[in-house]
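# Examination of the molecular architecture
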Amino acid sequence: MTITPSHILEYLFCPRFTYFEYVLGIPQSQEKYYKVMKGREVHSRKEKENRGYLRKRLGVVAKQENQYLSNGWLRGEVDEVLELSDGSMAPLDYKFAKFEDRVYETYKTQLYCYAVLIEHNYGRRVEKGYLVYTRSGNHVEEIEIGEAEKAAVGAYGEEIVAIIDKNYFPKATRYKKKCVTCTYKNLCIQ
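What this report covers is the structure whose coordinates are included nearby.

For K63, the position within the fold is in strand β1 (residues 60-70). Residue K63 is classed as buried on the basis of its relative accessible area of 17%. One polar contact links K63 to E65, side chain to side chain, over a distance of 3.1 Å.

As structure tokens, then:
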């Protein structure tokens, strides 16, 4: 079984999300969410617009767009895999969002997942990643990525696989405000 960064983000939202969707097979309907659809549109447009553009002020010497990567247990598509002048590599991810002086943990976690995939597939170190906020004039935020963050991705993956393989009903999130917007709020025993 392979998992995606989305699986990890859903698990971090609430471990029961993993149980409802992947053990019981009750799908969520992302297509109805405006931001998801708009984000997909932005990715498609950026793919056409930025073909030859290198972000030289970030030290980018080469890039590969829309790279589908896997390491045997994790898989995902990275918007851009950047080769940096210091020999390292970095993921770059476009977000259909405004930058409001903070970076959400979900955005960081997605970059951590991509870092794990890039290191495995390219055999090069990843120490940072980049987020591009398309609704803020393509504002770029640099995110540091350390060994602890990459190790956490592996730990989350193990927990997700355990829930699915063992049909384990995990504890709900301790942040009950999340339950208000949860797809599975009517099924969950709080």
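Counting residues in each nonpolar core, the largest one holds 34 residues, and the members touching the most others are I8, L74, L131 and V153. Listing elements by their share of this core, those giving two or more residues are α1 (5-13), α2 (15-23), β2 (75-84), α4 (105-122), β4 (128-133) and α5 (147-165). Broken down by element, this core gets its largest block of residues, 9 residues, from α4. Other than its neighbours up to four places away in sequence, L131 contacts D93, K95, V103, Y107, L111, H139, V140, E141 and I143. The next biggest cluster of nonpolar side chains, apart from the first, holds 10 residues, and it includes V60, L84, A90 and L92.

Before going further, it helps to examine the state of the cysteines. Within this structure, the stated rule accounts for 0 disulfides. Its sulfur unpaired, C14 is 5.9 Å from the next cysteine sulfur, which belongs to C188. With relative accessibility at 8%, the residue C14 sits in the buried group. No disulfide involves C182; its nearest neighbouring cysteine sulfur is the one of C14, lying 6.3 Å away. Judged by its relative accessible area of 15%, C182 is buried.

For the rest of this paragraph, the subject is the packing of α1 against α5. Packing of α1 against α5 brings their axes to within 10 Å, and their N-to-C directions diverge by 80 degrees. The angle between α1 and α5 places the two elements in the roughly perpendicular class. Across from H7, I8, Y11 and L12 in α1, the residues of α5 making contact are V153, Y156, E159, I160 and I163. Among the residues forming the contact of α1 with α5, the class breakdown is 7 nonpolar, 1 polar and 1 charged.

A separate point is unusual backbone geometry. Look at D101: it is not a glycine, yet its phi comes out positive at around 65 degrees. With respect to the helices and strands, D101 occurs in the loop between β3 (89-95) and α4. Owing to a relative accessible area of 74%, D101 belongs among the exposed residues under this scheme. Even without being glycine, N167 reaches a positive phi, approximately 50 degrees. The topology assignment puts N167 in the segment after α5.

Conventions and cut-offs
Residues numbered from 1 in each chain as written. Predicted model: local features only at pLDDT ≥ 70, side-chain atom pairs only at ≥ 80, totals over all residues. Heavy atoms only, no water. Helix = DSSP H or I, 4+ residues; strand = E, 2+ residues; numbered from the N terminus. Buried < 20%, exposed > 50% of the residue type's maximum accessible area, 1.4 Å probe, protein only. Polar contact = N/O pair within 3.5 Å; in protein donor to acceptor, adjacent residues only side chain to side chain. Core = buried A, V, L, I, M, F, W, Y, C linked by side-chain atoms within 4.5 Å. Contact = heavy atoms within 4.5 Å. Disulfide = S-S within 2.5 Å. Axes fitted to C-alpha atoms, helices over the stretch in contact; angles between N-to-C directions. Parallel < 35°, antiparallel > 145°, perpendicular 65-115°, else oblique. Nonpolar A, V, L, I, M, F, W, Y, C, P; charged D, E, K, R; others polar.

In short, the description is geometric, and any link to function would need to be established separately.
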